Amino acid sequence: MTHKWTYPGAFDLGMFLAVRAATASSEELGPVSENASENKKFVYDFTEGNKDLKDLLGGKGANLAEMTNLGLPVPPGFTITTEACKVYLDSGEEPVALRDEVSAHLDTLEATMGKKLGQADNPLLVSVRSGAKFSMPGMMDTVLNIGLSDKSVQGLAKQAGDERFAWDSYRRLIQMFGKTVLGVDGELFEDALEKAKEAKKVTVDTELEAADLKKLVTRFKKIVKTEAGRDFPQDPREQMDLAIHAVFDSWNTDRAKLYRRQERIPGDLGTAVNVCSMVFGNLGPDSGTGVAFTRDPASGHQGVYGDYLQNAQGEDVVAGIRNTVPLAELEQIDKKSYDQLMQIMGTLENHYKDLCDIEFTIERGQLWMLQTRVGKRTAGAAFRIATQLVDQGLIDEAEALQRVTGAQLAQLMFPRFDDEAKVEKVGRGIAASPGAAVGKAVFDSYTAVKWSRSGEKVILVRRETNPDDLDGMIAAEGILTSRGGKTSHAAVVARGMGKTCVCGAEELEVDTKRRRMTVPGGHVVEEGDLISIDGSSGKVYLGEVPVVPSPVVEYFEGRMHAGAQDADELVEAVHRIMAFADRKRRLRVRANADNAEDALRARRFGAQGIGLCRTEHMFLGDRRELVERLILADTEAEREESLKELLPLQKQDFVELFSAMDGLPVTVRLLDPPLHEFLPDITELSVRVALAEARKDPHENDLRLLQAVHRLHEQNPMLGLRGVRLGLVIPGLFTMQVRAIAEAAAERKAAKGDPRPEVMIPLVGTVQELEIVREEADQVIAEVQAATGTDLKLSIGTMIELPRAALTAGQIAEAAEFFSFGTNDLTQTVWGFSRDDVEASFFTAYLEKGIFGVSPFETIDRDGVGSLVKLAAEAGRATRPDLKLGVCGEHGGDPESVHFFHEVGLDYVSCSPFRIPVARLEAGRAASQSQGSDHR
């Protein structure tokens, strides 16, 4: 007997709209309401939304609506809004109107499909899926096959003409519902499934027959009864309602919170819930499910990329439980569906103007689109795709800058494995997320976190990962799985985090219970053994493989030129994006550099000057003895003699620095740290003196040093005698440094150079401090000009790194030609933190509890520290309109902070040489973003 499977292949969009109009109230069909009144609409049909309603409908719901609007084959359904979720999470109860709205939309869906949810003879089945504004792959919950029960499973078997399919669908529902909704340990279901396969002497679940699956359903229901303390619900509406609540609750699971912290996703957005009529990929060999990308998410190359799995439901692909086939093989399996899918993929990429990630199901030859979204991609793919889309005319340069990030550029600058090193390759999998990762093999998430916190670098090795492995994935240097493909959970999450990942290394036998991995040839890798994985090639090696510089770094260093024969397409893409950024940006980018070597490297990386030269670094090494003599000086003559010896050394430092940065500004910070930092450690020195006294051979200099250490000891030296206070308390110290700067500038001018020094006074808290130091500096500069006959233009300014300086910036600007915000110390003094102490003692707890989304030393605290920066900038320029403003703390190279500094009108940021390209890119992105906002 031939059964015609018409559900929902015979679905007619016109009929659906007609029924929808006939059964829905005018309120339901009304526009999106932003009103927080009791009439707020909480449920939307797929025909009502669009891709711009992600805040309300979540990413999945908005894109399902968009695909419906495009006329693509989307199973009908409806979306419960994020607003409903927020009410539920805030109050513990769903909105009063939600049940009636869901009932009305369910009635419409049932009328469209011509069947009732879970009815015995011809059941309508639905999926209940999460869908937040921002993609959180695998972090929240999904339940398929809602509506199946002991009665309706018989109707589904009759309807489909396939008893095995019906019972397979039912066991999947009980398994997913039990784990997701009722909180049953998923391992119990997996173990029962494995035992069923062992009893049947088969290796994959598709080889289990209907009778086997019936027994498995009975076993699953017993597990639910035992573990959850209740029977599996037979009422289909109860199943749906409980599943909706479970999806709402999954927003606040530990793994979801952890992922949001990792990806900096706000915690108050909530998730939408999508209720969609089921289509089935597990109906036999002419059915299947898959994930497709319009371009390769690992490399950015155009082509046919994705995974397909015959006779399966969507979760099988993402979970990586069964190994998929490449999407290209679908052309041989089902050419009609393949051709239609290729056409749809082109439509979606042109419509979204970006790489699209697509989930689809084929049900007995009928293609259905279940999801699309702008796909996550690797750093290299992001740069390639952005330039490709510009060349295709789909986006312009400004938009291309929004398609890449500074964090991605930083990833591309990490080292890679040395191709010429002697290595022992033991396996190869799918190159899921690029990078070179070396670490000790660990086989569970808990161990990965524990060892990582102890300072060990680890590789997390699993058969396949699941959402519960997230904390271990974050802790690990890289992830290696023996199952799954480019669309598995491990691959998708790793790409999103920029973490190296190799998936589907089938040659490797992973035994997580015995904590070991067996490689071809019988060699066993025990937990703790070093392994290396290459996420760009998919290769797995024993031991530690040496690394070499990234070609992107070689490009910035000038050792590889874009457009040259040896330049690969990635370097060419980076070169073009950086050119876009440099044309767009307003912020200039300087370097923090203390010597000529660093300055030259910074210049190659694109630095437009030095924003911070820390002169204290020039006092270390073989000059420490001179500094000690300065500190120990008992008379003015001794102090002057020490300064006189230091002067030519400092001058030569500046000559070399000004030469390296010829034609560009160099901001020199006068001595900042407390003097005790130049003296020996008090414990070490005390032991040395005690031993010398025991030998009756005391060393006079050590005794004097120890006395000086005790004399200079402070309870909180970072708030003590340092910065401008040193210059005021130790006569001649700052004037010696200013003289060295001025004489070096004069020497460079005499050599036809173009020195542009700027003198920066640190830790100023009041304008009077700056006025005194400035008066002495101006006198020294005038003396050098007179002595050399050189016209010197040295600007004098200050660091704003104390709250009082920020609050009195208008006064300080009267004596300063520039401000440079020292955001490291400003963060310490605003928060009352001692950075060296707090990062080790309680920052981890603050991050875990959500007090910080990110460390305020990593990204500028906009509300606190940022407010003072903005206030000081505005007050300073009110006093002196031409006041130059910059930042020289570590925040100058942080992507998010660069955007803030652009917004508040700073002239430049300064950062370490390695971060200069990142700052350049983010400055360009900030400018193009603000121009786009102004245009809109």
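Below: a short report on this structure. Fair warning: this is a prediction, and the values are worked out from it, not measured in the lab.

**What to know about the overall build of the protein**
Right, on to step 1. The helix and strand tally for the protein stands at 37 helices and 31 strands.
Right, on to step 2. A compact globule built from 936 residues should have a C-alpha radius of gyration of about 30 Å, and the protein, at 33 Å, falls within 12% of that.
Right, on to step 3. Here the protein holds 936 residues, and the buried ones make up 56% of them.
Right, on to step 4. Total accessible area on the protein is roughly 38500 Å²; 48% of this is exposed by carbon and sulfur atoms.
Right, on to step 5. Counting 111 positive and 144 negative side-chain charges, the protein places the averaged centre of each group 3 Å from the other.

**Regarding the pattern of salt bridges**
Right, on to step 1. The tally for this structure, following the rule as stated, stands at 58 salt bridges.
Right, on to step 2. For the salt bridge of Asp791 with Lys793, the shortest nitrogen-to-oxygen distance reads 3.0 Å.
Right, on to step 3. One salt-bridge network, held together by shared partners, links Arg164, Asp168, Arg171, Arg172 and Asp205.

**Considerations on the sheet that holds strand β16 (residues 478–481)**
Right, on to step 1. Strand order in this open sheet of 8 strands is β12-β22-β21-β14-β15-β16-β17-β13, and the pairing throughout is mixed. On the outer flanks of this sheet lie β12 (424–428) and β13 (430–433), each paired with one strand and no other. Between one strand axis and the next, the sheet turns by 30 degrees as a mean value, whatever way the strands run.
Right, on to step 2. In the sheet, β16 pairs with strand β17 (residues 500–503) via 3 bridges, with the strands oriented parallel. Considered in β17, the bridge of Gly478 is made with Thr500.
Right, on to step 3. The strands touched by helix α17 (residues 445–453) are β14 (436–442) and β15 (458–462); relative to β14, the strand with the most contacts, the crossing angle is about 110 degrees.

**Brief notes about the nonpolar core**
Right, on to step 1. Ranked by internal contacts, the top residues of the largest apolar core, which has 131 residues, are Phe383, Leu409, Val574 and Ile761.
Right, on to step 2. Ranked by residues supplied to this core, first place goes to helix α28 (residues 733–750) with 10 residues.
Right, on to step 3. Ranked by size, the runner-up nonpolar core spans 59 residues in total, among them Val126, Val128, Ala166 and Ile174.

**A word on helix α7 (residues 186–200)**
Right, on to step 1. Under the 1.5 Å per step criterion, the end-to-end length of α7 is 22 Å for 15 residues, consistent within 8% with the ideal 21 Å.
Right, on to step 2. Taken together, the buried positions of α7 are occupied by Gly186, Phe189, Ala192, Leu193, Ala196 and Lys197. For α7, the buried positions fall inside an angular range of 140 degrees around the axis, keeping them on one side. Facing away from the buried surface of α7 by more than 90 degrees, the exposed residues are Lys195, Glu198 and Ala199.
Right, on to step 3. Those residues of α7 that are buried lie in contact with α6 (163–180) and α8 (210–228).
Right, on to step 4. Of the residues flanking the start of α7, the one acting as N-cap is Asp185, its side-chain oxygen 3.0 Å from the backbone nitrogen of Glu187.
Right, on to step 5. Two residues or fewer past α7, Lys201 is found with a positive phi of approximately 60 degrees.

**What about the packing of aromatic side chains?**
Right, on to step 1. What the rule picks out here adds up to 23 aromatic pairs.
Right, on to step 2. Between Phe833 and Phe843, the ring centres sit 5.3 Å apart and the planes meet at 70 degrees, which makes this aromatic pair edge-to-face. Pair noted here: Phe833 is in the loop between α32 (823–831) and α33 (835–841) and Phe843 is in helix α34 (residues 843–848), with a separation of 10 residues, a long-range link. Summarising the burial analysis for this pair, Phe833 and Phe843 share the class buried.
Right, on to step 3. Here Phe900 and Phe901 contribute two aromatic rings whose centre-to-centre distance is 5.7 Å and whose plane-to-plane angle is 65 degrees, an arrangement assigned as edge-to-face. There is no split in this pair, since Phe900 and Phe901 are both buried.
Right, on to step 4. A network of ring pairs unites the aromatic residues Trp831, Phe833, Phe842, Phe843, Tyr846, Phe852 and Phe857 as a single cluster.
Right, on to step 5. Over the ring of Tyr908 we find Arg590; its NZ or CZ atom is 3.8 Å from the centre of that ring.

**Notes on the environment of Lys884**
Right, on to step 1. On the secondary structure map, Lys884 appears in strand β30 (residues 884–887).
Right, on to step 2. Judged by its relative accessible area of 31%, Lys884 is partly exposed.
Right, on to step 3. For the pair Lys884 and Gly797, spaced 87 residues apart in sequence, the C-alpha to C-alpha distance is 9.0 Å.

**Focus: the sheet that holds strand β28 (residues 795–800)**
Right, on to step 1. The strand order around the closed barrel built from 8 strands is β24-β25-β26-β27-β28-β29-β30-β31, with neighbouring strands paired in parallel fashion. Mean inter-strand twist for the sheet, computed between neighbouring axes without regard to direction, equals 30 degrees.
Right, on to step 2. With 3 bridges connecting them, strand β25 (residues 610–614) and strand β26 (residues 665–669) associate as parallel partners. The partner of Cys613 across the bridge, within β26, is Val668.
Right, on to step 3. Its contacts with the sheet place helix α29 (residues 767–788) against β27 (756–761) and β28, and it is angled at close to 150 degrees to β28.

Calculation notes
Residues numbered from 1 in each chain as written. Predicted model: local features only at pLDDT ≥ 70, side-chain atom pairs only at ≥ 80, totals over all residues. Heavy atoms only, no water. Helix = DSSP H or I, 4+ residues; strand = E, 2+ residues; numbered from the N terminus. Rg over C-alpha atoms; globule rule 2.2 N^0.38 Å. Buried < 20%, exposed > 50% of the residue type's maximum accessible area, 1.4 Å probe, protein only. Areas by Shrake-Rupley, 256 points an atom, 1.4 Å probe, with all protein chains shown as cover. Lys, Arg positive; Asp, Glu negative; His and termini not counted. Charge placed at Lys NZ, Arg CZ, Asp CG, Glu CD. Salt bridge = Lys/Arg side-chain N within 4 Å of Asp/Glu carboxyl O. Pairing = 2+ DSSP bridges. Axes fitted to C-alpha atoms, helices over the stretch in contact; angles between N-to-C directions. Contact = heavy atoms within 4.5 Å. Core = buried A, V, L, I, M, F, W, Y, C linked by side-chain atoms within 4.5 Å. Expected span 1.5 Å × (residues − 1). Arc of directions from axis to C-beta. Polar contact = N/O pair within 3.5 Å; in protein donor to acceptor, adjacent residues only side chain to side chain. Phe/Tyr/Trp six-rings, centres within 6.5 Å; stacked < 30°, edge-to-face > 60°. Lys NZ or Arg CZ within 6 Å of the ring centre and 35° of its normal.

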